[in-house]
Amino acid sequence: MATPVLTSSTSVTSDSRPSIRTKFYTRLSEKSLDENEISFSDTSPSCPQYIQSKLCIVTVGLPARGKTYVSMKLARYLRWIGINTKVFNVGNYRRKNVGARQSHKFFDPNNKDAIEQRKRCATEALKDVIKYLNVEEGQVAVFDATNTTRERRDMVAQECHRNLIKVFYIELVCNDDDLISENIKEVKINSPDYQGIDQEEAVQDFSKRIKSYTTIYEPLDLQYDRDCSWVKLIDVNKRIVANRVVNHLQSRLVYFLMNMHIKKRNIYICRHGESECNMLGQIGGDSDLSLRGKQFAVKLGEFINDRKIPGLKVWTSQLKRTIQTSRHLDVDSEQWKALNELDAGACDALTYEEIQEKFPDEFALRDQDKYHYRYPRGESYEDLVHRLEPVIMVQVLNYLTNWKYIFSIH
């Protein structure tokens with residue numbers, strides 16, 4: 001895990017006068033951007049949800065630094081923890097409006113016509129961001145683009161703040177030429193921009209595109225951007241600099257980015273064998289495997305053991321059915337309470353018909369919102385996500401430092 005460098009911001013310039021940017025952000029903060037503002041969403045009465053102010057995540061960095069990769073990862077993570085998130089890739093707007101086949105000359109900072117076209121594409125994408133957050137039911141939008149100049153970033157920030165949307169910048173910096181070259185070959189030359197073009201020609205053209213961006217690149221700066229909220233990832237999390245991380249959601253973003261990796265890993269996930277509760281149609285419970293479940297456990301052991309997977313580590317929950325399913329695997333295993341099935345509370349080991357009969361109101365509430373619904377004296381799927389998050393973020397990644405595979409049995 002990378003070690004973050006946390007910075008605090010001051011509001012005094014070298015001549016002791018507040019900067020224009022300081023005045024701008026201070027005015028917005030006093031007027032409308034209460035960092036502690038919390039509202040209730042209209043969900044099940046038994047499941048109140050706290051939603052913070054709308055947030056626009058703005059990526060920053062030269063091409064081939066992994067901005068889109070990180071954007072998609074972040075969006076998937078946020079949706080997983082129950083936050084409506086959407087990625088707005090400005091490159092897709094550019095391809096739609098002016099076509100994908102644009103050489104490096106289109107990105108030349110001296111090409112005024114192209115600059116105007118690209119600005120219109122960014123403006124269109126930003127309008128869709130605001131519509132998604134303020135009109136539709138979006139909570140977080142990711143504005144995925146290079147955003148390499150202060151002028152462009154200030155334009156995005158001003159438009160967002162006019163619409164009461166907070167901004168959080170994520171800058172990706174990479175000084176590893178081998179990693180950049182690998183990213184260009186694996187990702188960029190397979191993009192719509194270079195379909196049907198010779199690989200060597202595509203690499204050369206894209207490298208020239210990067211040089212064009214480099215001439216105008218203005219990285220996030222601890223002094224100039226001191227009043228903004230941002231995080232800078234340097235050389236794939238070897239170093240992280242964070243500035244003005246102001247609320248819980250932004251802290252979660254930094255936490256995720258600190259644990260994110262780009263190396264390919266293998267994780268096998270297996271369902272436990274049929275249990276006695278399964279045979280009766282009961283949810284939850286802690287019963288033994290049925291005869292068919294035990295037969296499945298034997299076959300699973302044969303299947304995995306024959307493959308002799310190096311560095312295999314097996315995790316199970318603490319429920320009997322999962323431990324029994326892993327019994328025939330010739331590898332070490334660990335039992336994790338955090339991996340236990342959703343706790344159905346008062347409805348544990350009941351069939352859905354019995355739940356409908358005994359708890360008709362609860363049965364109806366569950367149908368309305370299964371993700372947020374919480375069983376009486378039990379858990380919701382949202383609770384389950386929060387229970388699993390530390391395992392996924394910390395334990396899985398730490399184990400994968402030493403182990404190549406994890407076999408998880410639910």
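Because the structure is predicted, anything quoted here is derived from the model rather than measured.

**Q** Even after reading the chapter, I still don't get unusual backbone geometry, so can you show me in this structure?
**A** The phi angle of most residues is negative, glycine excepted, and most peptide bonds adopt the trans form. For N147, which is not a glycine, the phi torsion comes out positive at approximately 45 degrees. Relative to the helices and strands, N147 is located in the loop between β6 (140-144) and α5 (150-162). Judged by its relative accessible area of 1%, N147 falls in the buried class. A positive phi angle, close to 60 degrees, is found at L164, a residue other than glycine. Relative to the helices and strands, L164 resides in the loop between α5 and β7 (166-173).

**Q** Teacher, can you tell me more about the packing of aromatic side chains here?
**A** Centre-to-centre distance and the angle between the planes together describe a pair of aromatic rings. If you walk through the whole model with that rule in mind, you get seven aromatic pairs. Taken together, the aromatic side chains of F106, F107 and Y213 make up a single cluster linked through ring pairs. Sitting over the face of the ring of Y224, R150 holds its NZ or CZ atom 4.1 Å from the ring centroid. Sitting over the ring of F303, R307 keeps its end group 3.6 Å from the ring centre.

**Q** Would you take a moment to explain the side chain of D225 for this structure?
**A** Following the sequence through the fold, D225 ends up in the loop between α7 (199-214) and β8 (229-234). Polar side-chain contacts of D225 include one of 2.7 Å to the backbone nitrogen of D221.

**Q** Sorry if this is basic, but what is going on with the pattern of salt bridges here?
**A** Pairing is possible between side chains that carry opposite charge, provided their charged atoms lie close to one another. All chains considered together, the criterion is met by 14 salt bridges. In this structure, E274 engages R292 in a salt bridge whose closest nitrogen and oxygen atoms are separated by 2.6 Å. Of this pair, E274 sits in the loop between β10 (266-270) and α9 (276-280) while R292 sits in helix α10 (residues 291-307), placing them 18 residues apart in sequence. With relative accessibility at 57%, the residue R292 sits in the exposed group. With a shortest N-O distance of 3.4 Å, E334 and K313 are connected by a salt bridge. Taken together, the residues span a long stretch of sequence, with E334 in strand β12 (residues 333-335) and K313 in strand β11 (residues 312-316) at a distance of 21 residues. Each of the salt bridges in this network shares a partner with another, and the network as a whole consists of R94, R95, D193 and R209.

**Q** Is there a simple way to explain the environment of C228 in this structure?
**A** As for its position among the elements, C228 is in the loop between α7 and β8. Taking the relative accessible area as the measure of exposure, C228 reaches 4% and is therefore buried.

**Q** Looking at this structure, how should I read the pairing of β8?
**A** Regular strands place side chains that alternate from one sheet face to the opposite one. Where burial is concerned, most of β8 is hidden: six out of the six residues are buried. Residues S229, V231 and L233 line one face of β8 and the alternating positions W230, K232 and I234 line the opposite face, and both faces are buried. Bridge count between β7 and β8: six bridges; the pairing is parallel. The partner of I170 across the bridge, within β8, is V231. Two strands pair when backbone bridges link them, and β8 and strand β9 (residues 239-243) are joined in this way by five bridges, in the antiparallel orientation. Counted as the bridge partner of I234 is R239 from β9. Joining the antiparallel neighbours β8 and β9 is a turn of four residues, in which D235 adopts a positive phi near 50 degrees.

**Q** I would appreciate a short explanation of the side chain of S71 in the present structure.
**A** Along the chain, the position of S71 falls in helix α2 (residues 67-80). Residues in contact with S71, not counting those within four places in the same chain, are T59, V87, V142 and D144.

**Q** For this particular structure, what's the right way to read the pairing of strand β4 (residues 55-60)?
**A** Across the six residues that make up β4, a large majority, six, are buried. Here β4 runs beside β6; their pairing, made up of four bridges, is parallel. When the bridges of β6 are listed, L55 appears paired with V140.

**Q** Help me understand the nonpolar core in this model?
**A** Here is a general trend for soluble globular proteins: nonpolar side chains tend to be buried in one another's company. Counting 34 residues, the largest nonpolar core has C56, V58, L126, V129, F143, C160 and Y169 as the members making the most contacts within it. Secondary-structure elements contributing two or more residues to this core are β4, α3 (90-98), α4 (112-134), β6, α5, β7 and β8. Here V129 is in contact with C56, F88, A141 and F143, once residues within four sequence places are set aside. In this structure, V70, L74, Y77 and V142 belong to the second largest nonpolar core, which totals 28 residues.

**Q** Looking at this structure, how should I read a negative patch on the surface?
**A** On the surface, a cluster of negative charge is made up of D176, D177, D178, E182 and E186. Structurally, D176 is set in the loop between β7 and α6 (177-186). Judged by relative accessible area, which is 32%, D176 ranks as partly exposed.

**Q** Teacher, can you tell me more about the environment of K127 here?
**A** Its location among the elements puts K127 in helix α4. Among the residues examined, K127 registers a relative accessible area of 57% and is labelled exposed. Separated by 32 residues in the primary sequence, K127 and E159 have C-alpha atoms spaced 8.9 Å apart.

**Q** In this structure, what is going on with the packing of α2 against helix α8 (residues 248-259)? I would like to understand it.
**A** When two helices pack together, their arrangement is given by the angle between the helix axes and by the axis-to-axis distance. Their axes nearest at 11 Å, the elements α2 and α8 cross at an angle of 125 degrees. Classified by the angle between their axes, α2 and α8 sit oblique to one another. In this structure, the crossing between α2 and α8 has a hand that is right-handed. The segment α2 lies against α8, with V70, K73, L74, Y77 and L78 engaging L249, R252, L253, F256 and L257. Along the lines of polarity and charge, the residues of the contact of α2 with α8 split into eight nonpolar, no polar and two charged.

Definitions and cut-offs
Residues numbered from 1 in each chain as written. Predicted model: local features only at pLDDT ≥ 70, side-chain atom pairs only at ≥ 80, totals over all residues. Heavy atoms only, no water. Helix = DSSP H or I, 4+ residues; strand = E, 2+ residues; numbered from the N terminus. Buried < 20%, exposed > 50% of the residue type's maximum accessible area, 1.4 Å probe, protein only. Phe/Tyr/Trp six-rings, centres within 6.5 Å; stacked < 30°, edge-to-face > 60°. Lys NZ or Arg CZ within 6 Å of the ring centre and 35° of its normal. Polar contact = N/O pair within 3.5 Å; in protein donor to acceptor, adjacent residues only side chain to side chain. Salt bridge = Lys/Arg side-chain N within 4 Å of Asp/Glu carboxyl O. Pairing = 2+ DSSP bridges. Contact = heavy atoms within 4.5 Å. Core = buried A, V, L, I, M, F, W, Y, C linked by side-chain atoms within 4.5 Å. Patch = residues over 30% accessible without salt bridge, like charges linked within 9 Å, V, L, I, M, F, W, Y side chains within 5 Å. Areas by Shrake-Rupley, 256 points an atom, 1.4 Å probe, with all protein chains shown as cover. Lys, Arg positive; Asp, Glu negative; His and termini not counted. Charge placed at Lys NZ, Arg CZ, Asp CG, Glu CD. Axes fitted to C-alpha atoms, helices over the stretch in contact; angles between N-to-C directions. Parallel < 35°, antiparallel > 145°, perpendicular 65-115°, else oblique. Left-handed = near helix turned anticlockwise from the far one by under 90°. Nonpolar A, V, L, I, M, F, W, Y, C, P; charged D, E, K, R; others polar.

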